[in-house]
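Understanding the architecture of this molecule
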Amino acid sequence: MILLITVSKAQKKLAENIRERRLRLGLTQEGLADRSGVALPTLRKFEQKGMISLESFLKLLLIVGGLEEIVEAIKPLKPAFSSIDEVLKKDEHPIRKRGRRK
């Protein structure tokens, strides 16, 4: 699997997105810190460097929006098979790739 984004780039992008949402809501860093319960120095460090705990990140999302989307985005993918029996049944009947000759 080839990753097109590094962890540090993802952290910085998340911080930019939170900052942009904060500004669109007309909130100062102090206002967001007060509403979310995240310490102001923690919020400042996050907006500058992208480093924050998961709990604090989720608290920020709760205020600026996006918490539900994040939870939905990381739902497990539905497995192709729900049991080993389904896997075994698939191998019993190979799918023909050509029609029969007459």
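Report follows, based on the coordinates. (Residues numbered from 1 in each chain as written. Predicted model: local features only at pLDDT ≥ 70, side-chain atom pairs only at ≥ 80, totals over all residues. Heavy atoms only, no water.)

**Structural notes on helix α2 (residues 29–36)**
How we decide: With a 1.4 Å probe rolled over the protein chains alone, any residue whose accessible area is under 20% of its type maximum counts as buried; one over 50% counts as exposed, and the rest are partly exposed. Under the scheme used here, helices are H or I runs from DSSP no shorter than 4 residues and strands are E runs no shorter than 2 residues, and both carry numbers assigned from the N terminus. In what follows, residue pairs with any heavy atoms lying within 4.5 Å of each other are defined as contacts.
Listing the buried residues of α2 in full gives Q29, G31, L32, A33 and S36. In this fold, the buried residues of α2 make contact with α1 (7–24), α3 (40–49) and α4 (54–64). Among the residues trailing α2, G37 stands out with phi positive, at a value near 85 degrees.

**A look at the pattern of salt bridges**
Formally: By convention in these notes, a salt bridge is any Lys or Arg side-chain nitrogen within 4 Å of a carboxyl oxygen on Asp or Glu.
In this structure the tally under the stated criterion is 6 salt bridges. Where K75 meets E72, a salt bridge forms, and the shortest distance between an N and an O atom there is 3.3 Å. A relative accessible area of 47% means that K75 is categorised as partly exposed.

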